[in-house]
Amino acid sequence: MIETVLTNLKIEGSSGAALRQCIAAVRRGGIVSVPGVYAGPIHGFLFGDAFDKGLTFKMGQTHVHKFLPELLEHIENGDLSPEMIITHRMNLSDAAEGYRIFDKREQDCRKVILTP
């Protein structure tokens, strides 16, 4: 509940729920890997728990360009289907609305595909 309020007020940039679950689940001396995009403060980051377990954190933006050719090949071959994460398809002229919906977390928006 408090995370929802903080996120809506733009006080918290990313949800810490998954990060807290990782810290709880990983073994002592383990590694928590955080690829993707996290921005701003995270409420309830359990630094003491991570410190006590002696955890190592690896994080950063996913190296999309490195993996893109292989992923596209898997999609073209039918081995992967990105349809399961696509929630909205819009014309390029509606891009601003697509970004707004995604930013405001409206309509259960996860991924918008823009078509020229």
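Our subject in this report is the structure included herewith. Within each chain, residues carry numbers counting from 1 in the order of the written sequence. Selection of residues for local features in this predicted model requires a pLDDT of at least 70, selection of side-chain atom pairs for listing and counting requires 80 or more, and totals for whole chains, interfaces and linings are taken over all residues. Working from all heavy atoms in the structure, the side-chain values ignore hydrogens and water.

**Some details on helix α5 (residues 95-103)**
An α-helical turn contains 3.6 residues, so a residue and the one three or four places further along point in the same direction.
And then number 1: Burial classes: relative accessible area under 20% of the type maximum marks a residue as buried, over 50% as exposed, and values in between as partly exposed (1.4 Å probe, protein chains only). The helix and strand labels rest on DSSP assignments: H or I over at least four residues marks a helix, E over at least two residues marks a strand, and numbering proceeds from the N terminus. Those residues of α5 not exposed but buried are A95, G98 and I101. End-on view of α5: buried residues confined to an arc of 125°, all on one side of the axis. Opposite the buried face of α5, at more than 90 degrees from it, the exposed residues are A96 and Y99.
And then number 2: Note on contacts: a residue pair qualifies if any of its non-hydrogen atoms lie within 4.5 Å across the two residues. Buried-residue contacts for α5 involve β3 (88-91) and β4 (112-115).
And then number 3: Remark: R105 follows α5 within two positions and exhibits a positive phi of approximately 55°. When we speak of the arc, we mean the arc of directions from the helix axis to the C-beta atoms.

**Re the pairing of strand β1 (residues 31-35)**
And then number 1: Only one face of β1 is covered, namely the one carrying V32 and V34; the face carrying I31, S33 and P35 has none of its residues buried.
And then number 2: Direction of pairing for β1 relative to strand β2 (residues 56-60): parallel, over a ladder of five bridges. Within β2, the residue paired with P35 across the bridge is G60. Note: two strands are recorded as paired if DSSP finds a minimum of 2 bridges between them.

**Thoughts on a negative patch on the surface**
And then number 1: On the surface, E70, E73, E76 and D79 cluster together into a patch of negative charge.
And then number 2: The residue E76 is located in helix α4 (residues 64-77) in this model. Like-charged residues within 9 Å of one another, or nonpolar side chains (Val, Leu, Ile, Met, Phe, Trp, Tyr) within 5 Å, are grouped into patches, provided each residue has over 30% relative accessible area and no salt bridge. Per-residue and other accessible areas follow the Shrake-Rupley method at a 1.4 Å probe size, with only the shown protein chains counted as cover for residues. Any Lys or Arg side-chain nitrogen located within 4 Å of an Asp or Glu carboxyl oxygen qualifies as a salt bridge. Charge convention: Lys and Arg are scored as positive, Asp and Glu as negative, and His as well as the terminal groups of each chain are ignored. All charge positions are set by atom: Lys at NZ, Arg at CZ, Asp at CG, Glu at CD.

**Brief notes about α4**
And then number 1: Relative to the 20 Å expected for 14 residues at 1.5 Å per residue, α4 spans 19 Å between its end C-alpha atoms, a close match to the ideal helical length.
And then number 2: Positive backbone phi, at 85°, marks G78, one or two positions downstream of α4. Multiply 1.5 Å by the residue count of a helix minus one, and that product is the helix's expected span.

**Concerning the nonpolar core**
And then number 1: Grouped together as the largest cluster of nonpolar side chains are seven residues: L19, I23, V26, V32, V34, A50 and L55.
And then number 2: Among the elements of the structure, α2 (17-25) and β1 are those that each provide at least two residues to this core.
And then number 3: For V26, the residues in contact, after removing those within four places along its chain, are I31, V32, K53 and L55. As used in this record, nonpolar core signifies buried Ala, Val, Leu, Ile, Met, Phe, Trp, Tyr and Cys residues forming a set joined through side-chain atoms within 4.5 Å.

**Observations regarding the side chain of K53**
And then number 1: Along the chain, K53 falls in helix α3 (residues 47-53).
And then number 2: Buried K53, no salt bridge; nearest opposite-charge side chain is D49, N-O distance 7.5 Å.
And then number 3: Each residue touching K53, except ones within four places of it in the same chain, is listed here: I23, A24, A25, V26, R28 and G29.

**Description of a nonpolar patch on the surface**
And then number 1: On the surface, V64, F67, L68, L71, L72, I75 and L80 cluster together into a nonpolar patch covering about 550 Å² of accessible area.
And then number 2: Along the polypeptide, I75 turns up in helix α4.

**Considering unusual backbone geometry**
And then number 1: The phi torsion at R105 lies on the positive side, around 55°, for a residue other than glycine.
And then number 2: Of note, R105 is situated in the loop between α5 and β4.
And then number 3: By relative accessible area, which is 53% here, R105 ends up exposed.
And then number 4: Positive phi, close to 50°, is recorded for D108, a residue that is not glycine.
And then number 5: As for its position among the elements, D108 is in the loop between α5 and β4.

Function cannot be read off these values alone, since they describe shape.
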